Structures are given as structure tokens and as C-alpha cells.
Amino acid sequence: MNYTRFINGLSAARKPSPIREMTKLLTQGSPDLVFLASGVPNPSMFPFQGASINLRDGSTIQLEGKTINDALQYGPTQGYGPLLAQLKEMQQELHSPPCWTNTEVLITNGSQDGLCKAFEMMMNLNDYIIVQEPVYAGTLAILNPYKPQYVPVQCDANGLIPEELRRSLESKWKSEDTQSSKSDVPKVLYVNPAGANPTGVSIPLSRRQEIYQIAKDFDLIIFEDDPYYFLQFDKERTPSFLSLDTDGRVIRFDSLSKVLSSGIRLGYVTGPRELVEPITYHMQVSVLHASSLSQVLVSELLKQWGQEGFLVHVDRVQKFYSQQRGIMLKAAETHLTGLAEWNVPQGGMFLWIKCLGVSDTRPMIMDRALKKDVILLPGREFMTDPSQPCPYMRASFSLASPENIDRGFRNLAQLIREEIELTKKI
Ligand SMILES: Cc1ncc(COP(=O)(O)O)c(CNc2cc3ccccc3n(O)c2=O)c1O
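- If you check an unreviewed UniProt entry, the protein appears there as Kynurenine/alpha-aminoadipate aminotransferase, mitochondrial from Daphnia sinensis.
- Quoted verbatim from the Cofactor (unreviewed entry) field of UniProt, the annotation for the protein is "pyridoxal 5'-phosphate".
- UniProt annotates the protein under Sequence similarities (unreviewed entry) with the comment "Belongs to the class-I pyridoxal-phosphate-dependent aminotransferase family."

Below you can see the structure in the form of C-alpha cells.
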């Protein structure tokens with residue numbers, strides 16, 4: 001693949017930071033190396049001497065000696081060596097990327113960080129960008145400052161509709177347009193393939209294959225933003241776009257937030273070397289690297305658990321959210337029947353609810369929901385054109401107890417009834 005058209009001028013101008021390149025030598029030198037090259041602080045002056053992290057299973061992770069030193073010190077931008085190796089092994093095991101020999105993995109400050117830098121590598125003002133709609137609000141927040149021309153592709157209960165994607169592209173462009181540097185043909189398709197935020201929808205494998213073929217026809221890069229990959233409620237996880245990527249046109253964004261901890265701020269980007277390298281250079285000058293403490297802690301955990309132990313853990317997490325989903329669906333059936341409609345989420349942690357008889361949920365939620373002791377997110381926050389009224393709202397089943405979910409939906413039902421009455425009076 002020729003990646004030139006996917007890297008904007010700002011990103012193409014980024015070069016390896018000399019200081020960061022020196023830090024690589026720190027990990028490559030012989031034990032006798034006298035390192036006088038960079039401003040790495042002396043760890044003997046750090047007040048922290050060790051750490052012991054208690055796990056729920058009764059075991060502990062001890063950070064001492066080399067691990068506490070690594071945890072408290074600068075490290076390589078791409079990521080803490082042992083964790084990088086563990087994540088690369090996991091990506092190969094789970095996705096068997098066809099272009100593995102040209103694939104890089106970069107550890108980022110959550111997947112949001114990687115996503116933001118990947119868009120900043122590609123986007124120019126007013127670019128066309130293809131998104132499945134509704135879109136994760138955090139992605140809209142990254143994109144909106146570019147004043148993009150969104151190409152929102154219609155979704156149904158199985159996610160993005162390939163025929164709609166092809167129709168949207170063919171209505172304005174031909175595949176040969178991608179040969180012209182002057183063409184405004186879109187470069188990126190952004191997709192949440194499993195347990196999408198906010199709809200909870202997962203795209204079946206057959207559709208992913210059709211979508212991948214369309215991406216080939218129009219030379220698109222697929223941003224596979226997949227933080228709910230381990231929260232798919234079907235027995236088998238659907239193969240990722242990365243596992244279909246025979247061309248090297250998928251950049252995958254994974255997150256540890258939903259399965260290990262959101263506060264440790266660790267995600268990882270997996271994609272072609274030519275597209276991961278500019279994001280790495282951006283990391284070199286923005287944050288230097290993701291938190292060493294977080295990386296060492298997770299690496300020690302994965303050492304203790306092994307990949308098998310990690311997958312046993314994520315299955316437990318998946319079962320928890322599947323139970324939470326069941327509790328919310330029961331509350332919706334009990335309290336919202338006749339007042340709203342919804343799909344059964346196939347993954348993730350959200351229920352996407354369409355209010356009947358309320359054309360726009362934003363004023364109802366922002367102005368009147370708190371008085372009813374319930375709060376959700378208005379659907380407009382997830383739309384590419386937030387100026388339009390939207391009857392949808394997003395409810396998260398991640399945190400609330402079963403009792404509170406029931407009470408919240410009871411209050412929500414009352415709120416909707418009062419909104420319908422209010423609307424009649426206007
Ligand atoms: C599709 C998709 N892609 C990327 C991310 C970012 O995950 P991370 O950086 O790896 O932790 C997310 C996280 N989504 C949310 C985060 C959040 C954080 C505080 C408060 C509210 C939040 N709400 O509502 C969210 O949806 C996501 O859903």
C-alpha cells in the first residue's frame with residue numbers, strides 16, 4: 001500500500017526526537033555502558049522505594065528492585081519492553097493479523113490518546129470522513145474542530161450497512177479518484193465494530209468482510225476503535241477487522257479501561273509500521289510515553305496471570321456486563337414499554353433508547369431529569385449534526401445496582417410521560 005495520502009503535512013514533518021532515540025540506547029547498551037547522554041533523574045532521589053498491589057483473588061503484585069525502578073523512570077516511547085512483548089503476543093494470538101511482519105504496536109494513554117493522534121496524523125480541515133452514526137461522542141470531539149464533512153453511514157441492528165456505505169461513496173466519488181492527490185475522496189472509515197458506543201450493536205463477520213472489500217475498492221484506512229472487544233455477549237468473539245487486514249489498511253485501537261482499569265490510562269494501537277511510526281513521533285513530543293508505573297503494573301499482572309489467566313478474567317468481566325444488560329432490559333420492559341423502543345445490545349455497556357412521543361430528548365434530560373433523580377446522555381451528543389432534534393438517549397448499565405436501575409427507569413418513565421404532556425400543551 002502507498003500511505004502517502006494518509007499522512008498530512010504536519011505529521012509528515014515529524015521526525016524522531018533525538019532525546020527519545022537516545023533513551024532507546026539506554027535499554028540496548030551493555031551493563032558496562034556509562035550513560036551520560038540524557039537528563040534521566042537519579043532514582044535514588046525518588047521517595048518511593050517499592051509498592052505492593054493487592055489483587056481481589058488474594059494475591060499481590062510486588063514492585064521492587066528493577067520493577068520499581070522501571071515503574072518510576074522514563075521509558076521507551078513505544079512502550080515498556082516486557083508489556084509491549086506481551087501485547088504483541090496477545091494481538092498475534094487473538095487476531096493473527098495477515099500483515100504481521102509489517103505491523104507495529106504502540107502503547108498509548110488510553111485508546112482515546114491513540115485515536116486522537118491517529119486522526120491528527122490524517123485529518124486536514126474540511127476533510128470528508130466516513131463514520132457509522134451514531135458516533136462515540138469522544139470521537140466527534142476529536143473531529144469537530146476540523147470542521148469535517150461527515151459521511152454518516154446508516155446503521156441497523158447489525159451495525160453499519162455495507163450497501164449504504166458503498167452508495168454513499170459511489171454517489172460522489174469513483175474508486176479511481178483515490179489516485180489523484182487533488183481528490184477530496186475520504187481517507188478514513190471510523191467504526192466501533194463490537195458493542196458500539198452508544199448503540200451496543202456488533203457488526204457480524206459477513207458484513208465486516210463486505211465493508212473491508214469496500215475499503216479496498218476506495219482505498220480507505222479503517223479506524224477499528226474496539227474498546228468493547230472483550231465485552232461481546234455472544235459466546236464467540238467476532239473476528240476483528242485487523243484479522244481480515246490483508247492489505248495493511250486497518251489501524252486498531254484497543255483499551256484496557258473496560259477490563260483492567262480506566263484510571264491506569266493504557267490503550268494500544270496496532271497497525272502498519274508506516275502509520276504507527278508518525279503516531280509514535282507525536283507521542284515522543286506530547287507525553288514522551290504512557291505511564292511507566294501503569295505499564296509495569298499491568299506487565300507484572302500479565303506475567304502472574306499469563307494470557308490464559310487474562311482471558312479467564314475478561315470472561316468474568318463479560319459475564320458481569322451481560323448480567324447488567326439483562327437487569328436494564330428487564331427494567332426497560334417493566335417501565336418503558338409503550339413509551340420507548342430499544343435494541344438488545346450485543347456488547348459494551350450501553351442501551352440506546354428511542355423515546356416515542358418526544359422529538360428531542362436533550363431539553364427533557366438537561367432541564368428536567370435531575371429533578372427526577374435520573375440522568376442519561378441525550379442522543380444529540382452522538383450525532384454528526386447536533387443541531388437536529390434527536391429522540392434517542394444513551395443509558396449506561398455499567399455502574400448502577402439492580403435496584404437503582406429499576407428505580408432510575410421508573411423515574412425515567414414518569415419524566416417521559418410528563419414530557420409528552422408538556423409537548424401537547426405547546
Ligand atoms: C468507543 C470508545 N472509544 C474510545 C474510548 C476511550 O477509552 P479509553 O481512552 O481507552 O479509556 C471510549 C470510552 N468511552 C467513554 C469514556 C468515558 C470516560 C469518562 C466519563 C464518561 C465516559 N463515557 O461516557 C464514555 O463513553 C469509547 O467508548
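1. What about the nonpolar core?
Then, in step 1: Within the largest apolar cluster, 61 residues are counted, with the highest numbers of intra-cluster contacts made by L336, L351, I353, M393, F409 and I416.
Then, in step 2: No other element matches the 13 residues that helix α10 (residues 292-336) contributes to this core.
Then, in step 3: Beyond its immediate chain neighbours, meaning those up to four positions away, F409 contacts M328, A331, A332, H335, L336, L351, I353 and A395.
Then, in step 4: Listed in part, the 28 residues of the second largest apolar core include L115, I129, Y146 and F253.

2. Concerning the pairing of strand β1 (residues 51-54)
In regular strands, side chains alternate between the two faces of the sheet.
Then, in step 1: In this structure, β1 lies alongside strand β2 (residues 60-63), joined through 4 bridges in antiparallel fashion. Paired with I53 across the strands is I61, a residue of β2.
Then, in step 2: Once β1 ends, the chain turns through 5 residues before running back antiparallel as β2, passing G58 with a positive phi of about 95°.

3. A look at the packing of aromatic side chains
What describes a pair of aromatic rings is the distance from one ring centre to the other and the angle between the planes of the rings.
Then, in step 1: Counted according to the given criterion, the structure contains 10 aromatic pairs.
Then, in step 2: Aromatic side chains Y228 and F350 sit 6.0 Å apart centroid to centroid with 85° between the ring planes, which places their arrangement in the edge-to-face category. Of the two residues, Y228 sits in the loop between β9 (221-225) and β10 (250-255) while F350 sits in strand β13 (residues 350-355), which places them 122 residues apart along the sequence. Neither residue differs from the other here; Y228 and F350 are each classed as buried.

4. Quick look at the site of the ligand
Then, in step 1: Taken together, 15 residues form the shell around the ligand, and within it S111, Y228, S255, S257 and R265 come nearest.
Then, in step 2: Interatomic distance of 2.8 Å between a side-chain N/O atom of S111 and an oxygen atom of the ligand.
Then, in step 3: One of the side-chain nitrogen or oxygen atoms of R394 is found 2.8 Å away from an oxygen atom of the ligand.
Then, in step 4: In terms of residues, the shell around the ligand owes the most to one element, helix α5 (residues 110-122), which gives 3 residues.
Then, in step 5: A per-class count over the shell around the ligand returns 4 nonpolar, 7 polar and 4 charged.

Parameters at a glance
- Residues numbered from 1 in each chain as written.
- Predicted model: local features only at pLDDT ≥ 70, side-chain atom pairs only at ≥ 80, totals over all residues.
- Heavy atoms only, no water.
- UniProt positions renumbered as here; feature names shortened; annotations may be inferred.
- Core = buried A, V, L, I, M, F, W, Y, C linked by side-chain atoms within 4.5 Å.
- Buried < 20%, exposed > 50% of the residue type's maximum accessible area, 1.4 Å probe, protein only.
- Helix = DSSP H or I, 4+ residues; strand = E, 2+ residues; numbered from the N terminus.
- Contact = heavy atoms within 4.5 Å.
- Pairing = 2+ DSSP bridges.
- Phe/Tyr/Trp six-rings, centres within 6.5 Å; stacked < 30°, edge-to-face > 60°.
- Near = heavy atom within 4 Å.
- Polar contact = N/O pair within 3.5 Å; in protein donor to acceptor, adjacent residues only side chain to side chain.
- Nonpolar A, V, L, I, M, F, W, Y, C, P; charged D, E, K, R; others polar.

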